[in-house]
Amino acid sequence: MTSDHEALTSLLARFARGIDLRDWSLYRSVFTDEIDIDYSSYRAGNAGHFRADDWVQRGRMLFPGLAASQHFLSNFDIDVDPAAGSGRVVTYVRAEHVLPNTAGDAVFTIGGYYTDDVVRVDGEWRICVKRLTVLWNSGNPQVLTMARERAAELLEVEAAVF
């Protein structure tokens, strides 16, 4: 039997793997049907209540525009109430975003931590609240802007094919 700590560590590994590998069904599987997101420490106004499918779609409008990304998670601080089926997980994050370009450095790195509120749904842990607290960044922040533009172009091509 898997402990709650092991299950929650796996949940967050699937979060990172889903987004970095652009495996949208895996990425979607880590969230409850509705989620509260707060990434406003990275970009003002980037917070709200979302249907998880809509949040995943937002990821599809950025990450496919990157050549690569890697979300490194560490220093797991897990606090759960198994009887209530709820808890909180805080993890350090270092997120590398890569897009070779002619406008500067190919990498933009964000460092900080995630605070995830989790609940058990049908016997499995899911993220219901995700907060990003950015402590530092380095590299070329334009990488993300260029990635959004590139992802939009890729989505247009994809739509034209279908």
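Calculation notes
- Residues numbered from 1 in each chain as written.
- Predicted model: local features only at pLDDT ≥ 70, side-chain atom pairs only at ≥ 80, totals over all residues.
- Heavy atoms only, no water.
- Pairing = 2+ DSSP bridges.
- Helix = DSSP H or I, 4+ residues; strand = E, 2+ residues; numbered from the N terminus.
- Axes fitted to C-alpha atoms, helices over the stretch in contact; angles between N-to-C directions.
- Contact = heavy atoms within 4.5 Å.
- Phe/Tyr/Trp six-rings, centres within 6.5 Å; stacked < 30°, edge-to-face > 60°.
- Buried < 20%, exposed > 50% of the residue type's maximum accessible area, 1.4 Å probe, protein only.
- Lys NZ or Arg CZ within 6 Å of the ring centre and 35° of its normal.
- Core = buried A, V, L, I, M, F, W, Y, C linked by side-chain atoms within 4.5 Å.

K.L.:
Residues and numbers for the sheet that holds strand β2 (residues 47–51), please.
P.N.:
Spatially, the six strands line up as an open sheet ordered β2-β1-β6-β5-β4-β3, and their pairing is mixed. The open sheet has two edge strands with one neighbour each: β2 and β3 (68–81). With strand direction ignored, the average angle separating the axes of adjacent strands in the sheet is 20°. For strand β4 (residues 86–98) and strand β5 (residues 107–121), the ladder comprises 13 bridges, and the chain directions are antiparallel. Its bridge partner being in β5, Ser86 is matched across the sheet by Val119. Strand contacts of helix α1 (residues 4–20): β1 (31–38), β3, β4, β5 and β6 (124–139), with the helix running at about 160° to β3, the strand carrying the most contacts. Running over the sheet, helix α3 (residues 52–60) touches β1 and β2 and is turned about 60° from β1.

K.L.:
Run through the packing of aromatic side chains, naming residues and quoting values.
P.N.:
Under the criterion given, the structure shown has nine aromatic pairs. Considering the side-chain rings of Trp24 and Tyr27, the 6.0 Å spacing of their centres and the 80° angle between planes classify their relative orientation as edge-to-face. A residue pair is termed a helical-turn pair when its members lie 3 or 4 positions apart in one helix, as Trp24 and Tyr27 do in helix α2 (residues 24–29) at three residues. You'll find Trp24 and Tyr27 in the same group, each marked buried. Using a relative accessible area of 2% as the deciding quantity, one classes Tyr27 as buried. Members of the aromatic cluster, joined through ring pairs, are Phe15, Trp24, Tyr27, Phe31, Tyr39, Phe50, Trp55 and Tyr114. When the ring centre of Phe15 is taken as reference, the NZ or CZ atom of Lys130 above it lies at 4.0 Å.

K.L.:
Could you give me a rundown of the nonpolar core, with the residues and numbers involved?
P.N.:
Ranked by internal contacts, the top residues of the largest apolar core, which has 39 residues, are Leu8, Phe15, Tyr27, Phe31 and Trp55. With six residues, the top contributor of residues to this core is α1. Sequence-distant contacts of Leu8, that is, excluding residues within four places in its chain, are made with Ile78, Val80, Val89, Val118 and Trp125.

K.L.:
Tell me what's going on with the pairing of β6, and back it up with residues and numbers.
P.N.:
The sheet contact formed by β1 and β6 spans four bridges and is parallel. Bridging across to β6, Asp38 finds its partner in Arg131. As defined by bridge partners, β5 adjoins β6 across 14 bridges and the pair is classed as antiparallel. Residue Thr115 lies in a different strand from β6, and its bridge partner there is Arg131. Counted along the chain from β5 to the antiparallel partner β6, the turn is two residues long, and its residue Asp122 has a positive phi close to 50°.

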